Amino acid sequence: MAEKFAITIGRQYGSGGKEIGLRVGELLGIKVYDKELLTMAAEKEGINPDYLRRVDEKAASSLLYTLAMGSSAYSARHLGVDVPINDQLFIAQTEIIKEIAEEGPAIFIGRCADYVLRNHPHRLSFFIHSDYDSRVHRIMAQHNVKRSEAESMINKTDKKRINYYNFYTGKKWGKFENYHMSLDSSLLGVEGTAQMIAQLVKIYNSESDDERKIYHE
């Protein structure tokens, strides 16, 4: 059994991905990390957490920094480059995610965690999506807004997440090859989807490393 496994959950806005992640944490009895990473990153960098919330999951806009960074965000600190606050947050969260995953089982919601932990030996990555109408109705109910406002919130948030993920990973947000499984939450709902993920994790952990190697040969 993999004691130090990590679960990552990417999600469309309004798909219930966060609620599903929290429920999986309850079912498996392990910690879930989402907005908590902002506070941890703020403490790590000595930055006001309210300031970080304004740039959370937003890509940097500095072309000079991007060119200097090349393919590694972490090298920028050692090159004397003036790192934008967005990238300071991404780097800090990346380091924290890796540290937490190294210590034991954990669930990470968003934050490009599937990419950050791509080399983790016991990572299970899921992407939660849902049909557009179901997402609209969920946001309308959660935020008590009209359909037009819910649609605007969905479109803006998904666009922000797409830009953030694509910028920092060089991959395409939501593409099936970036995850082990994509699940439509409108099929089984929050509880059913969470139950399915929890069961998959239990099956995965019941297998030995030798058995898993066979599937990858």
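What counts, and where the lines are drawn
- Residues numbered from 1 in each chain as written.
- Predicted model: local features only at pLDDT ≥ 70, side-chain atom pairs only at ≥ 80, totals over all residues.
- Heavy atoms only, no water.
- pLDDT = per-residue confidence, 0-100.
- Contact = heavy atoms within 4.5 Å.
- Helix = DSSP H or I, 4+ residues; strand = E, 2+ residues; numbered from the N terminus.
- Pairing = 2+ DSSP bridges.
- Axes fitted to C-alpha atoms, helices over the stretch in contact; angles between N-to-C directions.
- Buried < 20%, exposed > 50% of the residue type's maximum accessible area, 1.4 Å probe, protein only.

## What about the confidence of the model for the protein chain?
Mean pLDDT over the protein chain stands at 82; residues scoring 70 or higher make up 77%. In this model residues 62-81 is a low-confidence stretch, pLDDT under 50, and it forms 24 contacts with partners more than four residues away in sequence or in other chains.

## Structural notes on the environment of K175
Along the polypeptide, K175 turns up in the loop between α8 (147-169) and β5 (181-184). Considering only alpha carbons, one finds K175 and F127, 48 residues apart in sequence, at a separation of 8.9 Å.

## Here we look at the sheet that holds strand β3 (residues 106-109)
With parallel pairing, 5 strands are arranged side by side in an open sheet as β2-β3-β1-β4-β5. Of all the strands in the sheet, the pair left with one neighbour each is β2 (32-33) and β5. Direction of pairing for strand β1 (residues 6-11) relative to strand β4 (residues 123-129): parallel, over a ladder of 6 bridges. Residue pairing across strands places I7 opposite L124, the latter belonging to β4. Strands β1, β2, β3 and β4 of the sheet are contacted by helix α1 (residues 17-28), whose axis makes an angle of about 175° with β3.

## A look at unusual backbone geometry
Residues other than glycine seldom take positive phi values, yet C112 does so here, at roughly 55°. For N144, which is not a glycine, the phi torsion comes out positive at approximately 55°. You can see N144 is positioned in the loop between α7 (132-143) and α8. A relative accessible area of 73% places N144 in the exposed class.

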